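Residue-level structural notes
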Number of protein chains: 2
Amino acid sequence: MSTNGHHSIFAPAFKIQMNCHDCVLSRLCLPGCLQQNEVEQLEKIVKRNRPLHKNEHLFRAGDAMQQVYALRSGALKTYLLDQDGNEQITGFILPGELVGLDAFGNHCFPSYAVALETSLVCTIPLADLEELAGYIPSLRKQLLTTLSRELHEEQQHYSHNRESAEQRLAIFLLNLSQRYSRRNLSATSFILSMSRGEIGNYLGLTTETISRLFSRFRQLGLLEIKGRELHLMQPSALTRLGKNAAQQPAI
Amino acid sequence: MSTNGHHSIFAPAFKIQMNCHDCVLSRLCLPGCLQQNEVEQLEKIVKRNRPLHKNEHLFRAGDAMQQVYALRSGALKTYLLDQDGNEQITGFILPGELVGLDAFGNHCFPSYAVALETSLVCTIPLADLEELAGYIPSLRKQLLTTLSRELHEEQQHYSHNRESAEQRLAIFLLNLSQRYSRRNLSATSFILSMSRGEIGNYLGLTTETISRLFSRFRQLGLLEIKGRELHLMQPSALTRLGKNAAQQPAI
DNA sequence: CGAGCGATTGATTTCTTTCAATATCGGTGG
DNA sequence: CCACCGATATTGAAAGAAATCAATCGCTCG
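Residues numbered from 1 in each chain as written. Chains lettered and ligands numbered in written order. Predicted model: local features only at pLDDT ≥ 70, side-chain atom pairs only at ≥ 80, totals over all residues. Heavy atoms only, no water.

A few words now on the protein's contact with DNA strand C. Close contacts around DNA strand C come from 17 residues, with Ser211(A), Ser215(A), Ala165(B), Thr209(B) and Arg212(B) the closest. Among atoms of DNA strand C positioned within 4 Å of the protein, sugar and phosphate together represent 62%. The contact in question runs from a phosphate oxygen of DNA strand C to an N or O atom on the side chain of Ser215(A), over 2.4 Å. Measuring from a phosphate oxygen of DNA strand C, one finds a backbone N or O atom of Gly204(B) at 3.4 Å. Counting only elements with at least two residues in the surface near DNA strand C, the list comes to α7 (196-203) and α8 (207-219) of chain A together with α8 (207-219) of chain B. For the surface near DNA strand C, the leading source of residues is α8(A), giving 4 residues. Counted by class, the surface near DNA strand C contains 2 nonpolar, 8 polar and 7 charged residues. (Near = heavy atom within 4 Å. Polar contact = N/O pair within 3.5 Å; in protein donor to acceptor, adjacent residues only side chain to side chain. Helix = DSSP H or I, 4+ residues; strand = E, 2+ residues; numbered from the N terminus. Nonpolar A, V, L, I, M, F, W, Y, C, P; charged D, E, K, R; others polar.)

Spelled out as structure tokens, the structure:
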């Protein structure tokens, strides 16, 4: 009772952060389809970390896998390192997305996660999560759903492999646009949190190719870009471009 | 009691098939790390299907997702169809591997699965599996582990995107070799259950490129191949080739 | 203000695709 | 049993897309 009756001087401010229920991202995040009382249980095990600064790692391959993470604000990239030390970026993480799911069942993370800008993450201890999943069927389902959706997205990403550089960049930009839009941010104006090189790495292209494509897209009036500030002028034309490289007339 | 005392005339033969516990593939499959009594519970919900003939579909995108599958014998391919009707092969399934995991949390399968040769599959009803996962923590863990491993493998597959055609085929063949080996089959001699075109599709290359590469590998003495019968002569050289395209001498 | 990284743009090279022509295999029916 | 068919595989020549090499520009941060 006494602990409920008064708080440490830091508690109120801290408390505001600690709430999944009030988080605008919850519908995109692990709470997803959970009932309110279930979210409350989840909240009890979720921790918040200090902010992660740009270029700071959330985890590295080989780190003990004792928790998964959800991004609260900012942006991350995840990547693998091959035997020659080459970085292969496997994804860009936006707020509301989970990170570290590729490590389930391993003792260590197989991949790296690093902040592209100052970011806040929520930490979910694995032991607690597993226990809670025993009680809450919809949490189990949510975990499997999230993981299988990631798998499907990864497959789709791979399947763009055979398409032209132009198509791949168009698809990438539209994907970002859609994800920002789901977060109630502008679908047509946003800041790229990653460099040209990182986009290229992710898409299996080079910095130079990305740069040339941005120039071409600008010349075609599809977009305006200055540094990392992007404005999509003709999303529909970009969509068309993403679908069929040469606009092959039907039949 | 009377039902235990005697069987239908088909029961004995059927019973032999129905046993995960005796299945040589169980350590690779869903039973994975389960305890014996847990495997017995799993067995109760697993069904076996009639054989799937070559080119017969196990499921198609859009089919209701009411079960997942485990391959018992034969080989499958899974693929996506893009908006233009182009097939993108997302994986080749060998005995002991699960199929359909990319559909969790969806009502329908997003992908297709078709037999590359006559195959037997085990069927696991989703409702039963979800219920059982409530009782058996290690089954929950096993599901998440399997799914996250698939995700990681998909990421690795994608990360070979930037490598040369030569490297990609080398890596592919070594991957098959390793998977056959884990099934106590020869790591150096096996039959490719897929066509050159299917290999190419999977790797983001063309039939012709695959064919040329096989010829080159043969000329280099790395392998012998006649039709779909493959024999790896120098797996270690193939490994080296998979690692660095031009054998750049270290420093 | 200078250093250095990221971005842009051009010229050239390289690898893979595309187009095209055979060749081979597996199955079917005469 | 053999001939024929379609599908699959092989091989060559040409075209094309992106990488590589290289130079310059511009911005940000000490």
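Moving on from the model shown.
Notably, Asn55(A) is not glycine yet its phi reads approximately 75 degrees, a positive angle. For Asn55(A), the location among the structural elements is in the loop between β1 (47-48) and β2 (57-59). At Asn184(B), a position not held by glycine, the phi torsion is positive, near 60 degrees. Residue position: Asn184(B) is located in the loop between α6 (165-182) and β9 (189-191).

Looking now at the domain arrangement of chain A. All names here are of chain A. With domains assigned, chain A is organised as domain 1 (2-159) and domain 2 (164-243). A straight line from the C-alpha centre of domain 1 to that of domain 2 covers 26 Å. Every contact between the two is made by 19 residues of domain 1 and, on the other side, 15 residues of domain 2. Around 1,400 Å² of area is buried between domain 1 and domain 2 when both sides are counted, 52% of it from carbon and sulfur atoms. Together, Phe92, Leu94 and His157 form the three largest contributors to the area buried by domain 1 at its contact with domain 2, with a combined 41%. For the pair domain 1 and domain 2, the interface holds 3 salt bridges. Lys77 serves as the salt-bridge partner of Glu198, at 2.8 Å between the closest nitrogen and oxygen. The tally of links from domain 1 across to domain 2 stands at 10 residue pairs in polar contact (both at pLDDT 80 or more). Looking at the side of domain 1 that touches domain 2 residue by residue, the classes come out as 9 nonpolar, 4 polar and 6 charged. (Domains from an automatic or database assignment. Contact = heavy atoms within 4.5 Å. Buried area = accessible area lost by both parts, 1.4 Å probe. Salt bridge = Lys/Arg side-chain N within 4 Å of Asp/Glu carboxyl O.)

In this complex, chain B contributes 40 residues to the contact, which on the side of chain A involves 40 residues. Here chain B meets chain A over a buried area of about 3,800 Å², counting both sides, of which 58% is carbon and sulfur. On the chain B side of the interface with chain A, the three residues burying the most area are Leu144(B), Leu151(B) and Tyr158(B), jointly 19% of the side's total. Across the contact surface, chain B and chain A share 2 salt bridges.

Residue and element names in this part refer to chain A. Counted according to the given criterion, the structure contains 14 salt bridges over all chains. Put simply, Glu56 and Arg50 hold a salt bridge, and the shortest N to O gap is 2.9 Å. By relative accessible area, Glu56 is classed as partly exposed at 23%. The exposure class of Arg50 is exposed, given its relative accessible area of 56%. Arg216 is the salt-bridge partner of Glu166, the closest N and O atoms lying 2.8 Å from each other. Note that Glu166 is positioned in helix α6 (residues 165-182) and Arg216 in helix α8, a separation of 50 residues in sequence. Residue classification places Arg216 among the partly exposed positions, given a relative accessible area of 39%. Taken together, the shared-partner salt bridges in this structure form one network comprising Lys77, Glu87 and Glu198. (Buried < 20%, exposed > 50% of the residue type's maximum accessible area, 1.4 Å probe, protein only.)

Attention shifts here to the protein's contact with DNA strand D. Around DNA strand D sit 16 residues in total, of which Ala165(A), Thr209(A), Arg212(A), Ser211(B) and Ser215(B) are the nearest. Of what DNA strand D places within 4 Å of the protein, 67% of the atoms are sugar or phosphate. Between DNA strand D and the protein, one listed contact pairs a base oxygen with a side-chain N or O atom of Arg212(A) at 2.9 Å. Of all elements in the fold, only α8 of chain A together with α7 (196-203) and α8 of chain B reach the threshold of two or more residues within the surface near DNA strand D. The element contributing the most residues to the surface near DNA strand D is α8(B), with 4 residues. For the surface near DNA strand D, a count of residues per class yields 2 nonpolar, 8 polar and 6 charged.

Here we take up the sheet that holds strand β10 (residues 223-226) of chain B. Adjacent strands of a sheet form backbone hydrogen bonds with each other and so pair up, either parallel or antiparallel. All names here are of chain B. On the basis of which strands lie adjacent, the open sheet formed by 3 strands has the order β9-β11-β10 and antiparallel pairing. Because the sheet does not close on itself, it has two edges, and the strands there are β9 and β10. Adjacent strand axes in the sheet meet at a mean angle of 15 degrees when their direction is disregarded. Note that β9 and strand β11 (residues 229-232) share 3 bridges and pair antiparallel. For Phe190, the partnering residue across the bridge sits in β11 and is Leu230. Running over the sheet, α8 touches β10 and β11 and is turned about 135 degrees from β10. (Pairing = 2+ DSSP bridges. Axes fitted to C-alpha atoms, helices over the stretch in contact; angles between N-to-C directions.)

Residues and elements named next belong to chain A. Counting buried residues in strand β5 (residues 87-93) gives 6 out of 7 residues, a clear majority hidden from the surface. Of the pairings in the sheet, the one linking strand β4 (residues 76-81) to β5 comprises 6 bridges and is antiparallel in character. The residue of β5 that forms the bridge with Leu81 is Glu87. What sits between the antiparallel neighbours β4 and β5 is a turn of 5 residues, in which Gly85 has the positive phi angle 85 degrees.

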